[in-house]
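Residue-level listing of the chains:
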Amino acid sequence: MALVGVRVIELAGLAPAPFCGMILADFGAKVVRVDRTKTSTSLDTQARGKRSVAINLKSAEGVALLRKLCVQSDVVLEPYRKASLMVGSCWFRLFVQHTNF
């Protein structure tokens, strides 16, 4: 497996990110999908090879947990529109914390 040891955080959303996460998992990456809390569960065909965790990203504890997961990962897949998470979770601070920039 080409990607054994690569850690990926995927924020659940529409097709491109889940599909990318599925392909990365097929090649051996450890993919953790972050789902929203209080959503209906359905059979997700693109969840193959992934672990899943539900986090409330509207709470301070949820944002702190997401930051911790992202710092420990090599790749973050976020499927939302441009800059939608930039305000709430401050991706620049996360980047600085992860890279010791």
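Not measured: the values here are computed from a predicted model. (Residues numbered from 1 in each chain as written. Predicted model: local features only at pLDDT ≥ 70, side-chain atom pairs only at ≥ 80, totals over all residues. Heavy atoms only, no water.)

**What about helix α1 (residues 16-26)?**
Line of reasoning, step 1. Burial in α1 covers these residues: Ala17, Pro18, Gly21, Met22, Leu24 and Ala25. One side of α1 holds all its buried residues, which, seen down the axis, span an arc of 165°.
Line of reasoning, step 2. Tucked inside the fold, the buried residues of α1 contact β1 (7-11), β2 (30-35), β3 (50-54) and β4 (75-77).
Line of reasoning, step 3. Positive phi appears at Gly28, one or two residues downstream of α1, with a value of about 105°. (Buried < 20%, exposed > 50% of the residue type's maximum accessible area, 1.4 Å probe, protein only. Helix = DSSP H or I, 4+ residues; strand = E, 2+ residues; numbered from the N terminus. Arc of directions from axis to C-beta. Contact = heavy atoms within 4.5 Å.)

**Observations regarding the pattern of salt bridges**
Line of reasoning, step 1. One pass over the structure, following the stated rule, counts four salt bridges.
Line of reasoning, step 2. The shortest N-O distance in the salt bridge between Asp74 and Arg7 comes to 3.7 Å. With Asp74 in the loop between α2 (60-71) and β4 and Arg7 in strand β1, this residue pair connects regions lying 67 residues apart in the sequence.
Line of reasoning, step 3. Note that Asp35 and Arg33 form a salt bridge whose closest N and O atoms lie 3.0 Å from each other.
Line of reasoning, step 4. What makes Arg33 buried here is its relative accessible area of 13%. (Salt bridge = Lys/Arg side-chain N within 4 Å of Asp/Glu carboxyl O.)

**Looking at the pairing of β1**
A regular strand places its side chains on the two faces of the sheet in alternate fashion.
Line of reasoning, step 1. For β1, the tally of buried residues reaches four of five residues, placing the bulk of the element in the interior.
Line of reasoning, step 2. Sheet analysis places β1 next to β2, joined by five bridges and oriented parallel. Its bridge partner lying in β2, Arg7 is registered against Lys30.
Line of reasoning, step 3. Read from β1 through α1 to β2, the crossover connection turns out right-handed.
Line of reasoning, step 4. With three bridges joining them, β1 and β4 adopt parallel strand pairing. Bridge pairing links Glu10 to Leu77 in β4. (Pairing = 2+ DSSP bridges. Right-handed = clockwise from strand over helix to strand, strands pointing away.)

**Things to note about the side chain of Arg33**
Line of reasoning, step 1. By the element assignment, Arg33 lies in strand β2.
Line of reasoning, step 2. Side-chain polar atoms of Arg33 contact the side chain of Asp35, separated by 3.0 Å.
Line of reasoning, step 3. Once residues lying within four places of it in the same chain are set aside, the contact partners of Arg33 are Glu10, Ala12, Asp44, Ala47, Arg51, Ser52 and Val53. (Polar contact = N/O pair within 3.5 Å; in protein donor to acceptor, adjacent residues only side chain to side chain.)

**Overview of the sheet that holds β3**
Line of reasoning, step 1. Here four strands make up an open sheet; going across it, the order is β3-β2-β1-β4 and the pairing parallel. In this open sheet, the two edge strands, each paired with only one partner strand, are β3 and β4. The average undirected angle you get between the axes of adjacent strands in this sheet is 20°.
Line of reasoning, step 2. Sheet topology places β2 next to β3; five bridges connect them, and they run parallel. Within β3, the position partnered with Val32 by the bridge is Arg51. (Axes fitted to C-alpha atoms, helices over the stretch in contact; angles between N-to-C directions.)

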